[in-house]
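Now for the letters of each chain:
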Amino acid sequence: SVSGSVLTISSSTSFTNQGIHTACANGASWTGQAFSSGFYFETRLAYDPTLATGVNNDWVTPWSLPMEWLTGSVTHFTELDFYEAFPSGVPPDPRFAVGDWNGNSSSFNSNDSAAGQWTQDTNFHVYGTLWVPMALNGGTGLIKRYYDHNEVTSCAVSYTAGGLFSLLETQHQMVIINAG
């Protein structure tokens, strides 16, 4: 719902995990906006961690998935979470995750937890993600994270050709905003 220029997204019991998104799969093709050459994504959100129950359909996350995976043309892909209140406990663990998925197995960056980097409260905060492709950074891809416009250096991720997360370079990421 929208009130006072604020969009409120509530958790869903269906757990589709793809709320509002910038592109849609249509069989083997897709329409909409997806990104393949880097980007900066910023969201301003308020999240009440006391409402979390710690179950899988109970977290907020703006994130991205490649259209190639959604259309079925690949099973190996990189997922980029811009902010994730992961339900590992109550209150949830705030994370800036990057995942390399191959079928049902995954590897995530070990420095994704942002616990202690900010205060979880019900106020609005700004979360940002900057993705700089290898070609624009001397052969090393870079993902930087921001909280209220300050870099969270402990959550930065870099990658090189053929390495973990390098599939960002060859796939088209659509942006998704959802709650559970």
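Below, the structure is looked at part by part. In this text the structure is predicted, and so the values were computed from the model without any measurement.

1. Side note on the overall build of the protein
Move 1: Looking only at helices and strands, the protein has one helix and 17 strands in total.
Move 2: In the protein, the proportion of contacts linking residues at least 24 apart, taken out of those at least 6 apart, comes to 61%.
Move 3: As presented, the protein carries roughly 8,700 Å² of accessible surface, and 52% of it is formed by carbon and sulfur atoms.

2. Points about the packing of aromatic side chains
Move 1: Scanning all chains against the criterion turns up 10 aromatic pairs.
Move 2: When the ring of F39 is compared with that of W131, the centres are 5.3 Å apart and the planes differ by 80°; the resulting orientation is edge-to-face. Here the residue F39 occupies a position in strand 6 (residues 39-46), and W131 occupies one in strand 13 (residues 124-132), the gap between them amounting to 92 residues.
Move 3: Residue class for F39 comes out buried when judged on its relative accessible area of 11%.
Move 4: Residue classification places W131 among the buried residues on the basis of a relative accessible area of 2%.

3. Notes on the pairing of strand 6
Move 1: Taking every second residue as pointing to the same face, the buried face of strand 6 carries F39, F41, T43 and L45, while none of Y40, E42, R44 and A46 on the other face is buried.
Move 2: Across eight bridges, strand 6 lies against strand 13 in antiparallel orientation. Opposite L45, over in strand 13, you have H125 as the bridge partner.

4. Topic: the side chain of Q173
Move 1: Turning to its location among the elements, Q173 is positioned in strand 17 (residues 173-179).
Move 2: At 3.5 Å, the side chain of Q173 and the backbone nitrogen of L65 are in polar contact.
Move 3: Polar side-chain contacts of Q173 include one of 3.1 Å to the backbone oxygen of T78.
Move 4: Discounting residues that sit within four places of it in the chain, Q173 has contacts with A34, F35, F39, S64, L65, P66, T78, L80 and L168.

5. Concerning unusual backbone geometry
Move 1: Even without a glycine there, the phi angle at D148 is positive, about 50°.
Move 2: Along the chain, D148 falls in the loop between strand 14 (141-147) and strand 15 (150-151).
Move 3: At H149, a position not held by glycine, the phi torsion is positive, near 70°.
Move 4: Within the fold, H149 resides in the loop between strand 14 and strand 15.

6. Some details on the nonpolar core
Move 1: Counting 13 residues, the largest nonpolar core has F39, L80, F82, V98, W131, I143 and Y159 as the members making the most contacts within it.
Move 2: Secondary structure elements with two or more residues in this core: strand 6 and strand 16 (157-159).
Move 3: Residues Y47, A85, Y127 and V152 belong to the second largest nonpolar core, which totals nine residues.

7. A word on the pairing of strand 14
Move 1: Burial runs high along strand 14: six of the seven residues are buried.
Move 2: Summarising the sheet, strand 13 and strand 14 pair through six bridges and their orientation is antiparallel. Bridging from a neighbouring strand, L130 pairs with K144 of strand 14.
Move 3: Summarising the sheet, strand 14 and strand 16 pair through three bridges and their orientation is antiparallel.

8. Focus: the environment of L168
Move 1: Summarising the element assignment, L168 is placed in the loop between strand 16 and strand 17.
Move 2: In this structure the C-alpha to C-alpha distance between L168 and P66, which are 102 residues apart in sequence, comes to 8.3 Å.
Move 3: For L168, the residues in contact, after removing those within four places along its chain, are S36, T78, W131, I143, Y159 and Q173.

Thresholds, definitions, all that
Here the residue index of a chain counts from 1 through its sequence in written order. Thresholds applied to this predicted model are a pLDDT of at least 70 for local features of residues and 80 or more for the giving and counting of side-chain atom pairs; totals over whole chains, interfaces and linings are not thresholded and use all residues. Excluding hydrogens and water, the side-chain values take into account all heavy atoms of the structure. A run of H or I in DSSP counts as a helix once it spans at least four residues, and a run of E counts as a strand once it spans at least two, with each numbered from the N terminus. Contact between two residues is taken to exist if any of their heavy atoms lie within 4.5 Å; hydrogens are not considered. Residue burial considers only the protein chains on display, and all accessible areas are found by Shrake-Rupley using a 1.4 Å probe. Each aromatic pair joins two rings of Phe, Tyr and Trp (for Trp, the six-membered one) with centres within 6.5 Å, and gets the label stacked for planes under 30 degrees apart, edge-to-face for over 60, and tilted for any other angle. For every residue, the accessible area (1.4 Å probe, protein chains only) is compared with the maximum for its type, and the residue is labelled buried under 20%, exposed over 50%, or partly exposed between those bounds. Pairing between two strands is assigned when DSSP locates at least 2 bridges connecting them. Within 3.5 Å is the distance limit for a polar contact, defined as a pair of N or O atoms, with the added protein rule that one can donate a hydrogen and the other accept it, and that residues adjacent in sequence qualify only through two side-chain atoms. Working definition of a nonpolar core: buried Ala, Val, Leu, Ile, Met, Phe, Trp, Tyr and Cys residues. They are joined through side-chain atoms within 4.5 Å.

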